Structures are given as C-alpha cells and as structure tokens.
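Chain and residue survey
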Amino acid sequence: MSNVTVQSVVYQIDGKSYESRLVFSEGAKAAPGLVMAPNWMGISEDAEQIAKQVASKGYVVFLADLYGQGVRPTNADQALAAMMPLKNDRGLLNKRMQAALDQLTAQSIAAVDKNSLAAFGFCFGGWCALELARTGAPLKAAVSFHGTLDTTNPADANNIQGKVLVLHGASDPLVPKEQLPAFEAEMNAANVDWQLLSYGGAFHSFTDPHANNPGVQMYNPTVSKRAFTAMHNLLDEVFQQQS
C-alpha cells in the first residue's frame, strides 16, 4: 500500500465543518468510488487503515466524517454521545451521508468514475450504508459489516438502486435476532437483489482487531477475511457488469 495516499477533505454542511478522508492510489485512472462509513468511533487510524486496504484494490475511498471536524471520540461514552443524534434522526444522518457521496464525486484530487459508486460501513457505519441506499442514492452496491438492519420506513427499500450485502455475525448480541427476518421481508417486498451472510461463531465487530469483549465484540480474523472477500466479489460483479 505504499502508493496509497490519504488526504483530508474539509467541507460544510449547514454551516458546520466536516473533515473526511480521501484515500486512493496515486496515478490511477478513473476508478470506482466508495463511501466508507466508519464505526461509532468515527474517523480514526483504524478506519483509515481499512480505507487504505480497500483503496489498494483499485478504488477511491471517501472515509466519511459523520460527526463534524474535531469530533473524534476516544471512548465508548463519547462515541455514544456522537452517534445517537444520528441514530435518532435519519434525515440528519442521510444529509451527512449524501454530503459525503457528493464530495466524493465533486472532488478533483482523485479521478472517480461517477457511474461506479458504492457504500460500505462497519457497525453503526454498516447501518449508515444501508440507510444511504434506502434514500435512492445512485449506488451499485451497499455493504454492511456487522451493522444493525432496522429502519424507520421499510417501504424505502423500494428506492434501492443497487445490490445489497449484509455480513453478519450469527452470535452477534447487538443485532437483535428479529431484525434478520424483518430485513429479509423488507428486501423481498422491494425486489432488491440482496444477500445476507451469517457467519457461525462470529460476534459483533468481527473485523476489528482490537475487539476483545468476550461474548459481545470479538475479532475473528478468519471471518473478517471471508467477509472482505465477499464484499470484493460483489464489487467486482457490479462494476464489471457496466464496463
């Protein structure tokens, strides 16, 4: 990943500054653009590392700042305080996710194929990626890693333009079991092309090397590798279909 560059992108939403990260391989031709929604810790070194790994596969990744410039939680209490206003106000969340997508396509630092867009995220960010898809954003794919699946208006799934992939830990206690059949019913009712992969023995945050809360949040390197492979397989599929 030595040729992967990370640059800050500062912009305004309703008079407030946000500082996201643009992650890309230098010298690359126009590449598919991906909005990445981080977990509840927001912009962090760990999130940047994931963005760099994904960008190294030939993507321009926009790591979205959903909290605001300088709002960088360092513990669970701070993360919860930053996250809950967005969980409780889907309109506010969608405005910030849409702004990230707009910044990705409008910036001139890295060349992006504006017809090849997708979103992915982790935990809270996985929910954010699905919610962006439900707005009708022009995404070829939306991918959620160990995120919740609930939404306030399931009929919004009719707006989804691309394919949906949910990567779920079968032993995740933070994603209520009843959300799975509800999600399946929501996707089926809207005729969405969807997949839900449930990994046995996997808990919440299975992609996070620092997750070590036994029985709740636990890193699982095998499942993490499988899940990222599943995402890249889907991205290969949706982007090759239009090339």
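Everything below is about the structure printed above this text.
Residues numbered from 1 in each chain as written. Predicted model: local features only at pLDDT ≥ 70, side-chain atom pairs only at ≥ 80, totals over all residues. Heavy atoms only, no water.

1. Some details on the pattern of salt bridges
Summed over the entire model, instances satisfying the criterion amount to 10 salt bridges. Residue Arg21 is joined to Glu48 by a salt bridge in which the shortest nitrogen-to-oxygen separation is 2.8 Å. Highlighted residues: Arg21 in strand 2 (residues 16–25) and Glu48 in helix 1 (residues 45–55), separated in sequence by 27 residues. As far as burial versus exposure is concerned, Arg21 and Glu48 are alike and both buried. Residue Glu131 pairs with Arg134 through a salt bridge whose shortest N-O separation is 2.7 Å. (Salt bridge = Lys/Arg side-chain N within 4 Å of Asp/Glu carboxyl O. Helix = DSSP H or I, 4+ residues; strand = E, 2+ residues; numbered from the N terminus. Buried < 20%, exposed > 50% of the residue type's maximum accessible area, 1.4 Å probe, protein only.)

2. So, the nonpolar core
Formed by 49 residues in total, the largest nonpolar core has its most connected members in Leu66, Leu104 and Phe124. A per-element tally of this core places helix 4 (residues 124–134) first, with seven residues. With residues up to four places along the chain from it excluded, the contact list for Leu66 reads Tyr18, Ala37, Leu86, Leu93, Arg96, Met97, Phe124 and Cys128. Among the nonpolar cores identified, the runner-up in size contains 33 residues, and Val4, Leu34, Ala118 and Phe228 belong to it. (Core = buried A, V, L, I, M, F, W, Y, C linked by side-chain atoms within 4.5 Å. Contact = heavy atoms within 4.5 Å.)

3. Details of the packing of aromatic side chains
Following the criterion strictly, the structure yields 11 aromatic pairs and no others. For the ring pair Phe145 and Phe228, a centre distance of 4.8 Å and an interplane angle of 40° mean the geometry is tilted. Taken together, the residues Phe145 in strand 6 (residues 141–145) and Phe228 in helix 6 (residues 221–240) connect sequence positions 83 residues apart. On the accessibility criterion, Phe145 (0% relative accessible area) is buried. Among the aromatic residues, those joined into a cluster by ring pairs are Phe120, Phe122, Phe145 and Phe228. Above the ring of Trp127, the side-chain terminus of Lys87 is found at 4.0 Å from the ring centroid. (Phe/Tyr/Trp six-rings, centres within 6.5 Å; stacked < 30°, edge-to-face > 60°. Lys NZ or Arg CZ within 6 Å of the ring centre and 35° of its normal.)

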